[in-house]
Amino acid sequence: KNYEGKTDAFISAFRFPAEFKEYFKSFKTISGYGGKFTFETILLDFDCTGDIPKAKHELENFLQYGLQEFLDFEEIENHVKIAFSGNKGFSLGIPAVFLGTINPNTDNNEHVKKFVKRLTEIASDTSGMEFQTVDFAIYDKVRLFRLPNTINSKSGLYKIPLLYSEFFNMDAEQIKELAKEPRTVQYKPMSYIKVNEPMRDIFNSIIQDANIKTIKPAMQEPAESVINFSAV
């Protein structure tokens, strides 16, 4: 609560049940947590140290040639959260509501990572661009994300939200100037979002593939030749 204006304030990328808190109480760490969890937002990072315009250009192409293959301008403008990180790039938050019901799963972080890779591949095939600034290392289950309108200690700038239309109509220097202070943009309520069936089908196919790979083979009879471990 009341995080705006604070420096280096973060929130978890995924959403955990009460047992996650109990796990931490017991082991004094979140490392190794193996329970189920879910997510409210599909997060992407476009980062390029020393070259913010490059990160911006790649995000522009991802939006135009990747996300707009599924969502129209109004849906992106009203619901997809674009933000300047305050330092070396931009983040994108796609509401999970577009995918329909998200069931808790022990591997949802990997499912999200594969989903983002699929969208990136679509954007690459359509635009002809090789995306180099998308950070695929952010999808560990206990990842933290910087909260909006908090200060990045490395630059002294705010992480600020940007509407789709604003993002395309400003260059990197204009955005950095805006980031000298917090700002607010208005999105429509999540209740306005309709499930996007093609996006949902891609995500569900990723889960189905993962389930097939984890099915254990049927029990088999031991082979006739038996190793004599005492002689090994």
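Right, let's walk through the structure included here. Please read all numbers here as calculations on a predicted model, not as lab measurements. (Residues numbered from 1 in each chain as written. Predicted model: local features only at pLDDT ≥ 70, side-chain atom pairs only at ≥ 80, totals over all residues. Heavy atoms only, no water.)

Each helix and strand counted, the protein has seven helices and six strands in total. Secondary structure of the protein in N-to-C order comes out as β-α-β-α-α-β-β-α-β-β-α-α-α. Residues classed as buried in the protein amount to 41% of the 232 residues present. In the protein, of all internal contacts separated by at least 6 residues, the share reaching a separation of at least 24 is 74%. Accessible area for the protein stands at about 13500 Å²; split by element, carbon and sulfur atoms hold 51% of it. (Helix = DSSP H or I, 4+ residues; strand = E, 2+ residues; numbered from the N terminus. Buried < 20%, exposed > 50% of the residue type's maximum accessible area, 1.4 Å probe, protein only. Contact = heavy atoms within 4.5 Å. Areas by Shrake-Rupley, 256 points an atom, 1.4 Å probe, with all protein chains shown as cover.)

This next bit is on the pairing of strand β3 (residues 81-84). Here β3 runs beside strand β4 (residues 89-95); their pairing, made up of four bridges, is antiparallel. Across the sheet, the residue bridging to lysine 81 is glycine 93, located in β4. Joining the antiparallel neighbours β3 and β4 is a turn of four residues, in which glycine 86 adopts a positive phi near 95 degrees. Sheet topology places β3 next to strand β6 (residues 160-162); three bridges connect them, and they run antiparallel. Bridge pairing in β6 places alanine 83 opposite proline 161. (Pairing = 2+ DSSP bridges.)

Attention now goes to the packing of aromatic side chains. Enumeration over the complete set of coordinates arrives at 17 aromatic pairs. The interplanar angle of 80 degrees and the centroid separation of 5.6 Å between the aromatic rings of tyrosine 23 and tyrosine 33 together place this pair among those described as edge-to-face. Taken as a pair, tyrosine 23 in helix α1 (residues 18-27) and tyrosine 33 in the loop between α1 and β2 (41-47) lie far apart in primary sequence, ten residues in all. Judged by its relative accessible area of 5%, tyrosine 33 falls in the buried class. Aromatic pair phenylalanine 115 and phenylalanine 203: ring centres 5.9 Å apart, planes at 80 degrees, arrangement edge-to-face. Of the two residues, phenylalanine 115 is situated in helix α4 (residues 108-127) and phenylalanine 203 in helix α7 (residues 197-214); the sequence distance between them amounts to 88 residues. Residues phenylalanine 115 and phenylalanine 203 agree in their burial class; the two are buried. Connected via pairs of aromatic rings, a cluster forms that spans Phe14, Phe16, Phe20, Tyr23, Phe27, Tyr33, Phe37, Phe39, Phe115 and Phe203. Over the ring of phenylalanine 167 we find lysine 56; its NZ or CZ atom is 4.6 Å from the centre of that ring. In this structure, lysine 117 packs its charged tip against the face of phenylalanine 136, placed 5.4 Å from the ring centre. (Phe/Tyr/Trp six-rings, centres within 6.5 Å; stacked < 30°, edge-to-face > 60°. Lys NZ or Arg CZ within 6 Å of the ring centre and 35° of its normal.)

Right, let's get into the nonpolar core. Grouped together as the largest cluster of nonpolar side chains are 55 residues, with contacts concentrated most on Phe62, Leu67 and Ile94. Filtering out sequence-adjacent residues up to four positions away, leucine 67 remains in contact with Phe62, Ile76, Val80, Ile94, Leu119 and Met199. (Core = buried A, V, L, I, M, F, W, Y, C linked by side-chain atoms within 4.5 Å.)

So, on to a positive patch on the surface. Taken together, the side chains of Lys114, Lys117, Arg118 and Lys213 make up a positively charged region of the molecular surface. Counting residues per element, the positive patch draws most heavily on α4, which supplies three residues. The residue lysine 117 is located in helix α4 in this model. (Patch = residues over 30% accessible without salt bridge, like charges linked within 9 Å, V, L, I, M, F, W, Y side chains within 5 Å. Salt bridge = Lys/Arg side-chain N within 4 Å of Asp/Glu carboxyl O. Lys, Arg positive; Asp, Glu negative; His and termini not counted. Charge placed at Lys NZ, Arg CZ, Asp CG, Glu CD.)

Read across the sheet, four strands follow the order β2-β4-β3-β6 without closing on themselves; strand pairing throughout is antiparallel. Every interior strand has two partners, whereas the edge strands, β2 and β6, have only one. Between one strand axis and the next, the sheet turns by 25 degrees as a mean value, whatever way the strands run. Contacting β2 and β4, α4 runs over the sheet at an angle of about 60 degrees to β2. (Axes fitted to C-alpha atoms, helices over the stretch in contact; angles between N-to-C directions.)

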